[in-house]
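Topology and contacts: notes
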Amino acid sequence: MRIPALFIVPFLAWLVLTSPRKTRPRPTPGMIPPAVSEISASDVQPFGCPSKIPITMNQAIVAGKTYDGKGNNVPELSCNGKSKLWYKDTKYDAGSWSVLFGSVIVNPGCTLILVTPWDSQRLTGPKTNPNPKPDISPGINGIGFRGTIFTCGGIPCVWTLIWTCKQSYPSCEPDDKWQIITKLDNSANISAQFTYEKTVGTTWSQSMTESRSVSTTVSASISAAFWGVTATMGISGTTGYDWKTTDTKTKSESQSFKVSVEVPPKSTFTIEAVVGFCGGSTIHTQMFRILDSDNVILRTYQRGITSYDLTK
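Scope of this entry: the structure provided in the associated data block. None of these values were measured; they are calculated from a predicted model. (Residues numbered from 1 in each chain as written. Predicted model: local features only at pLDDT ≥ 70, side-chain atom pairs only at ≥ 80, totals over all residues. Heavy atoms only, no water.)

1. Section: the overall build of the protein
Heads up, the rule is: Counting from the N terminus, the helices are DSSP H or I runs at least four residues long and the strands are E runs at least two residues long. Exposed residues in this analysis have more than 50% of their type's maximum accessible area, buried residues have under 20%, and partly exposed residues fall in between, with area computed by a 1.4 Å probe over protein chains only. By definition in these notes, contact holds between two residues if any of their heavy atoms fall within 4.5 Å. To measure how exposed things are, a 1.4 Å probe is used in the Shrake-Rupley method; for residues, cover is taken only from the protein chains shown.
The number of helices and strands found in the protein is five helices and 21 strands. Taken over 312 residues, the protein has a buried fraction of 37%. Contacts spanning at least 24 positions in sequence make up 67% of the contacts within the protein whose residues lie at least 6 apart. Surface accessibility of the protein: about 18,900 Å² in total, with carbon and sulfur atoms responsible for 55%.

Structure follows, in structure tokens:
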């Protein structure tokens, strides 16, 4: 028996309306939807532009970073696709090709110069541009072009990038020695108190001073790199100082203080301290020693003290 089509359509409509439906429970406060609760920590991927990128890497200055994915005016939705770190004093000419420029980060103290045959543009850090805008337009009187950013398949792109930075990576050869601070000569028949000046801390070279002045972040990174260089001396064969454990006072700016010494009668002593050198920077450590008139080492102090007695 065939059922006329006239009755089939109303029947199907009635079947849909009367069939029981699966309803999603209404969420309550504190309830975690099953789909979210099943996501593991390894599934969660970072998104958006990072708040910062490395200042140094591979013993070089990192100038900035570019992303080849499409950007967005919202930073949290930008910095997509493959990324590339660019180092100080890098010039890249894409030639007949181009560099995708979906998002860009320029580090503090650094400058990115975008160049085309007809124009140039400077981006000075610290700067994050999550969505660079193409700016190519006809030149004056319609002759040639203006601008440095054009479009490649819907994504901004550039031709030539030049990266420069004020800061420099420490590239010195560290060394140290015992340096005479003073000589104490008591020719009297009674003990006497002497006072001398001791310096502890680091006097930075001009290059390090300029690099550390760029910003707090750059200063911390450059300083860490510097102390990494000096640490390669390990325990010095010349002085015995352990450069792997340099204390915070030695790493700080140089400061001088008075030291008082009680010197026995009819005696002469020489005070020497461990001083390190790296490039134009001078490192005055706390470690010092005392020698008698025959250059015999009497005492060695690892940490600075402001007074001591040689009569005992």
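Once the structure has been displayed, the description carries forward.
2. Overview of the pattern of salt bridges
To keep things clear, this is the line we draw: Salt bridges, as used here, are contacts in which a Lys or Arg side-chain nitrogen is within 4 Å of a carboxyl oxygen on Asp or Glu.
By the definition in use, this model includes five salt bridges. Glu272 serves as the salt-bridge partner of Arg289, at 2.8 Å between the closest nitrogen and oxygen. With Arg289 in strand β19 (residues 281-291) and Glu272 in strand β18 (residues 267-278), this pair connects stretches of sequence that are 17 residues apart. Glu272 gets classed as buried once you look at its relative accessible area, which sits at 12%.

3. Observations regarding the environment of Asn73
Here is the rule we go by: Definition of a polar contact: a pair of N or O atoms within 3.5 Å, with one able to donate and the other able to accept a hydrogen when the atoms are protein atoms, and with sequence-neighbouring residues admitted only if both atoms are side-chain atoms.
Examined against the element boundaries, Asn73 turns out to sit in the loop between β2 (60-67) and β3 (83-87). Accessibility expressed as a relative area gives 55% for Asn73, which makes it exposed. Along the sequence, Asn73 and Pro132 sit 59 residues apart, while their C-alpha atoms lie 8.8 Å from each other. Excluding residues within four positions of it along the chain, Asn73 makes contact with Pro130, Asn131 and Lys133. Engagement of the side chain of Asn73 in a polar contact is seen with the side chain of Asn131, the distance being 3.1 Å. One polar contact links Asn73 to Lys133, side chain to side chain, over a distance of 3.2 Å.

4. Overview of the environment of Ile149
Structurally, Ile149 can be placed in the loop between β11 (145-146) and β12 (150-152). Ignoring anything within four residues of it in the chain, the contact list for Ile149 reads Phe101, Leu114, Gln121, Pro132, Lys133, Pro134, Asp135, Ile136, Pro156, Cys157 and Val158.

5. Some details on unusual backbone geometry
Put simply, Gly125 and Pro126 share a cis peptide bond, and its omega is 5°. Turning to its location among the elements, Pro126 is positioned in the loop between β8 (119-124) and β9 (127-129). Positive phi values are uncommon outside glycine, yet Asn58 reaches one of about 55°. Its place among the elements puts Asn58 in the loop between β1 (56-57) and β2. Since its relative accessible area comes to 64%, Asn58 is described here as exposed.

6. Some points on the state of the cysteines
Working definition: the covalent bond between the sulfur atoms of two cysteines is a disulfide. Going by this rule: Only a pair of cysteine sulfur atoms within 2.5 Å counts as a disulfide in this structure description.
Per the stated rule, a full pass over the model turns up four disulfides. In this model Cys110 forms its disulfide with Cys165; the gap between the sulfur atoms is 2.1 Å. Its S-S torsion of about 105° marks the bond between Cys110 and Cys165 as right-handed, since a negative value means left-handed. Residue Cys110 is found in strand β7 (residues 110-116), and its partner Cys165 is found in strand β14 (residues 160-165); the two are separated by 55 residues along the sequence. Cys165 matches Cys110 in its accessibility class, with the two residues each being buried. Shown here is the disulfide that connects Cys172 with Cys278, its sulfur atoms set 1.9 Å apart.

7. So, the sheet that holds β7
We apply this condition: Strand pairing is defined by DSSP finding a minimum of two bridges between the two strands. Helix axes use the C-alpha atoms of the stretch in contact, all axes being lines fitted to C-alpha atoms, and the angles between their N-to-C directions lie in the range 0 to 180 degrees.
A sheet is described by the order of its strands in space; here four strands give the open sequence β4-β14-β7-β8, paired in antiparallel fashion. Edge positions in the sheet fall to β4 (90-93) and β8, since each of these pairs with one other strand and no more. Strand-to-strand twist of the sheet, defined as the mean angle between neighbouring strand axes without regard to direction, takes the value 15°. In terms of strand pairing, β4 meets β14 through four bridges, oriented antiparallel. Among the inter-strand pairings, Lys91 is bridged to a residue of β14, identified as Ile162.

8. Thoughts on the nonpolar core
Spelled out, the test is: As used in this record, nonpolar core signifies buried Ala, Val, Leu, Ile, Met, Phe, Trp, Tyr and Cys residues forming a set joined through side-chain atoms within 4.5 Å.
Counting 34 residues, the largest nonpolar core has Phe101, Leu112, Leu114, Leu161, Trp163 and Phe226 as the members making the most contacts within it. Setting aside residues up to four positions removed in sequence, Phe101 forms contacts with Thr66, Tyr67, Leu112, Leu114, Leu123, Pro132, Ile149, Ile155, Pro156, Cys157, Val158 and Leu161. Counting 13 residues, the second-largest nonpolar core is a separate cluster that includes Tyr196, Val259, Tyr301 and Leu310.

9. Things to note about the pairing of strand β17 (residues 255-263)
Both strand β16 (residues 192-203) and β17 contribute to a ladder of nine bridges, which runs antiparallel. Paired with Val200 across the strands is Gln255, a residue of β17.

10. Points about the packing of aromatic side chains
Defined as follows: Any two rings among Phe, Tyr and Trp, with Trp reduced to its six-membered ring, count as a pair given centres within 6.5 Å; such a pair is stacked if its planes are under 30 degrees apart, edge-to-face if over 60, and tilted if neither. Over a ring means this: the NZ of a Lys or the CZ of an Arg is within 6 Å of the ring centre and within 35 degrees of the ring normal.
Summed over the entire model, instances satisfying the criterion amount to eleven aromatic pairs. Taking 4.6 Å as the distance between ring centres and 65° as the angle between the ring planes, the aromatic pair formed by Tyr241 and Trp243 counts as edge-to-face. The burial state of Tyr241 is the same as that of Trp243; both residues are buried. An aromatic cluster of three or more residues is present, and its members are Trp86, Tyr92 and Trp163. The cationic tip of Lys84 hangs over the ring face of Trp86; the distance from NZ or CZ to the ring centre is 4.9 Å. Geometry around Trp178 places Arg289 over its ring, the cationic atom sitting 4.1 Å from the centre.

Read these as geometric descriptors, not functional statements.
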